[in-house]
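Close look at the chain arrangement
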2 protein chains.
Amino acid sequence: MSKPYKGFRPPWIEERAPEGSYREIFKWGDHTETKIPKESLYKMMKEIFKMTDEDFKEPREIGYDKVSYDVPVGLGEDKLDALRAIVGAANVRTDDYARLSVAYGKTMHDLMRLRKKVIENIPDVVLYPENKEQIEKIVAYASEKKIPLYVYGGGSSVTRGVECMRGGISLDMRLNFNKVIAFNEINQTITVEAGMSGPQLEEHLNNAVKEFGAKRAYTCGHFPQSFEYSSVGGWTVTRGAGQNSTYYGKIEHIVLGQEYATPAGVIKTDDYAAKACGPDINQIMMGSEGAFGVLTHVTLRFFRYMPENRVKFSYLFKSWADGQAAAREIMQGEFGMPSVFRLSDPEETELMLRLYGVDEIPGALKIFNALGYPQFDINKSLEGEVNGEGKCLFLGWSEGEKGFARNQARQVRKICTAYGALPLGSFPVKGWEKGRFKDPYLRDAMQDFGIMTDTLECTVNWDNMDKVHKFVRAYCKSRPNTICTTHLSHAYPQGANLYFIFITKMSELDDYLQYHRGILDHIQASGAAISHHHGIGKMFAPWLEGFLGSNQMDIIRCLKKHFDPDDVMNPGGTIAVDLDESEKRYLREKW
Amino acid sequence: MSKPYKGFRPPWIEERAPEGSYREIFKWGDHTETKIPKESLYKMMKEIFKMTDEDFKEPREIGYDKVSYDVPVGLGEDKLDALRAIVGAANVRTDDYARLSVAYGKTMHDLMRLRKKVIENIPDVVLYPENKEQIEKIVAYASEKKIPLYVYGGGSSVTRGVECMRGGISLDMRLNFNKVIAFNEINQTITVEAGMSGPQLEEHLNNAVKEFGAKRAYTCGHFPQSFEYSSVGGWTVTRGAGQNSTYYGKIEHIVLGQEYATPAGVIKTDDYAAKACGPDINQIMMGSEGAFGVLTHVTLRFFRYMPENRVKFSYLFKSWADGQAAAREIMQGEFGMPSVFRLSDPEETELMLRLYGVDEIPGALKIFNALGYPQFDINKSLEGEVNGEGKCLFLGWSEGEKGFARNQARQVRKICTAYGALPLGSFPVKGWEKGRFKDPYLRDAMQDFGIMTDTLECTVNWDNMDKVHKFVRAYCKSRPNTICTTHLSHAYPQGANLYFIFITKMSELDDYLQYHRGILDHIQASGAAISHHHGIGKMFAPWLEGFLGSNQMDIIRCLKKHFDPDDVMNPGGTIAVDLDESEKRYLREKW
């Protein structure tokens, strides 16, 4: 339960979603959990989106109906029997709920469709495999019978990665395919089934002493915002990144070995840290997003679990330019990489300070202003101003061995203060940390009243960061009364990820798609890489050839043909290997 | 000139190799430079290899003859004219010397053939391209006319990587293709032509202030032993590693962007530090070793040049097991990675202490013994003992930001002393550093008297390191009077590179090939990765499918077919995509 409101309180939905309902499927995370806006945030929303209490009288499209639709199972009983013979009858489901529950991911496109009961691209059957041998048999069978085969991991895809464009089979990996295969303390590696969730993996490693007789506790080091509802397999095939990736690396730096079941046979890589034995097969398979085969086993490095050594820090910069310059200096300073590393632009900073209640500390904002840390003018921004100046919040932490972490924090401080930053201590970091996995719940509450929140991200180099930021913001701000916040995170000596969050009053699918496409167009046109860690899926696929060029796309298409000549593995546009005509048309018009 | 000998002094060749001679081609490095054994080393060699002064009276197969052979140019004048039209007549050579100078690399197989004037696999023509446009035209022409096309970079391949198995064209990249294309201080990246040598690149970066108006000096961080005679392109296509790779990374971690001319068109990757846009094309091209196309431009990260922050350290362990355990602890300690990191096994330690003159310090060895750091029994080892105990020398340095480097050196000391190691200070490191690029010259001097030195290396994980070490040593030691030294270097939290040096009296090609194959067989059978940084080339190719398995080999073959359907790019076995029947037979018999 949240704090009581003093004024009007919208009927926020805080109860458990009805069993078997659409809401169960589209809402974020745990069926019983919710997060609703505190009163100050509610007031801010009304102000920003020009809404009144009246607009919040009645939640809409809340998906309380029981899942039910009329899409017949397109696979005959003979085929279903064959699948039952592989995984066991109990692990085969064809009911409406099971099929819909794996049909969508968690992009706004998915949520809007589910709220509106737009039922499309539904699998005919959902299987719950128990081991890799079963998966190998399913792949062979699907390939032989030319049945489309999709995979559902944690379900948090924001790229329509899991969507069953051509019906067929969906493998739901969560239920039965999440066991530890091997724990190797000497090499600091663990091999797991691909359906293991983030928290399951982290728990095994945190409890390694008890569970495996290890000498100490370990961590996986990979904490995407979707952590709780993401899977090791999903991380790997999409090239995901955790919020601590600046220190631990993206998943492609953490995963050492992979095993796939493909129509062209099993691909099992070794798990050496480095070698010079031809092209890197691991890096061919990572990023294939199910289009080459199904990932079964994953071998990952792990790390010492030493939260006691963390040094949390935050700084306020006078401007976005100062913050970026300091961030680059830190990344190029050669004292190791901080773990969390996050610089918010002026608009995001303004919102974060309000979210964390800093604006409620009497006089705080005035003092910042007086000291030369100007307040961002959110009203002008809502009217379309793109380049509004304002202070920028930088937060993060260092970890690793104690002396290493401390020296790093000292260097960070030295650089930040040299760029005129005000140290704010660990308080804002703790605020961010507390909300890091819970904020997605807020999205559902706001959407119940027609407020849409979505994100897009991209990789930039230091020298085009500012250009990309301005260019994408200019487009976002072309829609009035729209919040567009950005942070720089997942940093490297050469550049970083820019992460855009846009919030606006919007409930129609077409509006959303047009806006989303426009942002992607502007990311691409600004020269950024169209995805740093969300992957490509089917949603970003029309932009991929424009980014890579046809000669590189030809390499990926050639690999697709090799692994999956009949196009049964995640077919329907995944990583652009089999775009349909309308998508190709869009592509041609644009690039 | 070396120190005078007190006793018999063999007629070591110290003069410049005759101009236009075979020796010019096979000797290491600079035509005018030599390195000859000091007297104590000469005495040791006689002892080890059971030789007498008599054996050193007359150097043999020294290659003083002028290069001349009777292999006609297989390309007609029309084709040569077409090539002249592309690169200019002055950049086309068909004389015996030019053709032989790019036909071989620097493995013992190459040196023996050149000493014996075994002329095989000679290109018809050598081209010296000036820019990437010329290379693109050459690739298109070679592809159209089905002329085999080879590339010669620095010439230090130890895998027969450059050898022109089917004649045709060899591109000698050294002469004209070594310019800086772009220097970007903001992103800390530099783009260069692939023929640029290691020292050229390092000089540009060290002199960045003068040359590019940069704020400070930088370093490339990549220093293989072949540094002076290797090229950026060679590093990249073979997945090389420098001696400081534990900190700076292997070349595949340093290279961000690549451009290739292939029969399937130009492949130009972006240079983002990370992204999630499908399979990683950079990692497909790296390791292709010229079999997919010719690398033209390379974009590399660079680093701050801060030698003043280096902390050099060395320790003596009581045993190989203690040394390995400490090395693993350091790698997994999460205080950043040391730059140089090298643990010698007992046999190598014994030799190094003699080479650096520690054995000449009165009483030194006795003191070590008394303190429990036992002396390795080299005589027993020469008689075939595999597992002789003995002390182990560990040396390295930390670098980067000052506090980072110092904290690291402190942690290293803490761990080493906890494993009973004796700190030896920076002296042995300096000895190693002095010789690091010069030792290859010694190999020529010894070979003049029939003593063969060669190396093989592999990647191991910590948990199979000891097994691989013993297994490979057992084979090496099956040949009597053979030195086999090993060091662990290029380390990771999961494992390291094991580097084997074997020295024995041997001058016949067949003997060498049989021994070399035997060692590779044993590396493979022990479960190690057959190359950590030397690449595969044509020499290790018959082992590749045994290491990767056929399903992974099929991926590489599929890529080869895509890029180069007519097999004109480095044809004749490179990375096993077109092994001939005898090689396949060997493969089948073995695996």
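Values in this document were obtained by computation on a predicted structure and should not be read as measured data.

Turning our eyes to something else, we now look at the overall build of chain A. Of the regular secondary structure elements, chain A holds 24 helices and 18 strands. What you see for chain A is a C-alpha radius of gyration of 24 Å, in line with the 25 Å of a compact globule of 591 residues. Out of the 591 residues belonging to chain A, those deemed buried represent 65%. When the accessible surface of chain A is split by element, carbon and sulfur atoms take 50% of a total near 20,300 Å². The distance from the centre of the 74 positive side-chain charges to the centre of the 79 negative ones in chain A is 4 Å.

All names here are of chain B. With antiparallel pairing, 5 strands are arranged side by side in an open sheet as β5-β6-β10-β8-β9. The outermost strands of the open sheet, each flanked by one partner alone, are β5 (180–184) and β9 (265–268). Within the sheet, the average angular offset between the axes of one strand and its neighbour, ignoring direction, is 10°. As defined by bridge partners, strand β8 (residues 255–262) adjoins strand β10 (residues 294–301) across 6 bridges and the pair is classed as antiparallel. In the sheet register, A261 faces β10, and the bridge partner there is V294.

In this section: the environment of H490 of chain B. All names here are of chain B. Here H490 is to be found in the loop between β17 (483–489) and β18 (495–505). In this structure the side chain of H490 is engaged in a polar contact, spanning 3.1 Å, whose partner is the backbone oxygen of G242. Within the structure, H490 has its side chain in polar contact with the side chain of S245 (distance 2.8 Å).

In this section: a positive patch on the surface. Positive charge collects at one region of the surface, where K402, R406, R410 and K414 of chain A together with K402, R406, R410 and K414 of chain B lie side by side. Among the secondary structure elements, those contributing two or more residues to the positive patch are α17 (402–418) of chain A together with α17 (402–418) of chain B. If you trace the backbone, K414 of chain B turns up in helix α17.

This part is about the relation of the copies chain B and chain A. Comparison of the two chain copies shows a relationship of rotation about an axis with a shift along it. Laying chain B over chain A is done by rotating through 180° and shifting 0.0 Å along the axis; what remains is an RMSD of 0.0 Å. The operation mapping one copy onto its partner corresponds to a two-fold rotation axis. Residue by residue, 100% of the interface of chain B is reproduced at the interface of chain A, so both copies engage with the same surface.

All right, on to the interface of chain B and chain A then. Facing 84 residues of chain B, the contacting portion of chain A comprises 84 residues. Among the residues of chain B in contact with chain A, Y272, E334 and Q494 of chain B are the three that bury the most area, contributing 12% of the side total. At the junction of chain B with chain A, the criterion picks out 2 salt bridges. Notably, a salt bridge pairs R304 of chain A with E329 of chain B, separated by 3.6 Å at the nearest N-O pair. Counting across the chain B and chain A interface gives 50 residue pairs in polar contact (both at pLDDT 80 or more). Mapped onto the side of chain B that touches chain A, the elements with two or more residues apiece are β9, α12 (281–285), β11 (303–304), α13 (320–331), α17, β16 (451–461), α22 (541–548) and α23 (550–563) of chain B. The leading source of residues in the side of chain B that touches chain A is α23 of chain B, at 9 residues.

This part covers the pattern of salt bridges. By the definition in use, this model includes 90 salt bridges over all chains. Note that R557 of chain A and E545 of chain A form a salt bridge whose closest N and O atoms lie 3.0 Å from each other. Taken together, the residues span a long stretch of sequence, with R557 of chain A in helix α23 (residues 550–563) and E545 of chain A in helix α22 (residues 541–548) at a distance of 12 residues. Where R84 of chain B meets D81 of chain B, a salt bridge forms, and the shortest distance between an N and an O atom there is 2.8 Å. Here R84 of chain B pairs with D81 of chain B, and both are found in helix α3 (residues 77–87), just 3 residues apart, close to one helical turn.

Our next topic: the sheet that holds β16 of chain B. All names here are of chain B. Read across the sheet, 7 strands follow the order β15-β12-β14-β13-β17-β18-β16 without closing on themselves; strand pairing throughout is antiparallel. Of all the strands in the sheet, the pair left with one neighbour each is β15 (422–423) and β16. Relative to β17, strand β13 (residues 340–344) runs antiparallel, the two sharing 3 bridges. Counterpart to S344 in the pairing with β17 is H487. Against the sheet, α17 makes contact with β12 (311–317), β14 (392–398) and β15, and its axis sits at roughly 5° relative to β12, the strand it touches most. Relative to β16, helix α21 (residues 509–525) is tilted by about 15°, and along the sheet it contacts β16 and β18.

Definitions and limits used
Residues numbered from 1 in each chain as written. Chains lettered and ligands numbered in written order. Predicted model: local features only at pLDDT ≥ 70, side-chain atom pairs only at ≥ 80, totals over all residues. Heavy atoms only, no water. Helix = DSSP H or I, 4+ residues; strand = E, 2+ residues; numbered from the N terminus. Rg over C-alpha atoms; globule rule 2.2 N^0.38 Å. Buried < 20%, exposed > 50% of the residue type's maximum accessible area, 1.4 Å probe, protein only. Areas by Shrake-Rupley, 256 points an atom, 1.4 Å probe, with all protein chains shown as cover. Lys, Arg positive; Asp, Glu negative; His and termini not counted. Charge placed at Lys NZ, Arg CZ, Asp CG, Glu CD. Pairing = 2+ DSSP bridges. Axes fitted to C-alpha atoms, helices over the stretch in contact; angles between N-to-C directions. Polar contact = N/O pair within 3.5 Å; in protein donor to acceptor, adjacent residues only side chain to side chain. Patch = residues over 30% accessible without salt bridge, like charges linked within 9 Å, V, L, I, M, F, W, Y side chains within 5 Å. Salt bridge = Lys/Arg side-chain N within 4 Å of Asp/Glu carboxyl O. Least-squares fit on C-alpha atoms with pLDDT ≥ 70 in both. Contact = heavy atoms within 4.5 Å. Buried area = accessible area lost by both parts, 1.4 Å probe.

Any link to function would need more than the numbers given here.
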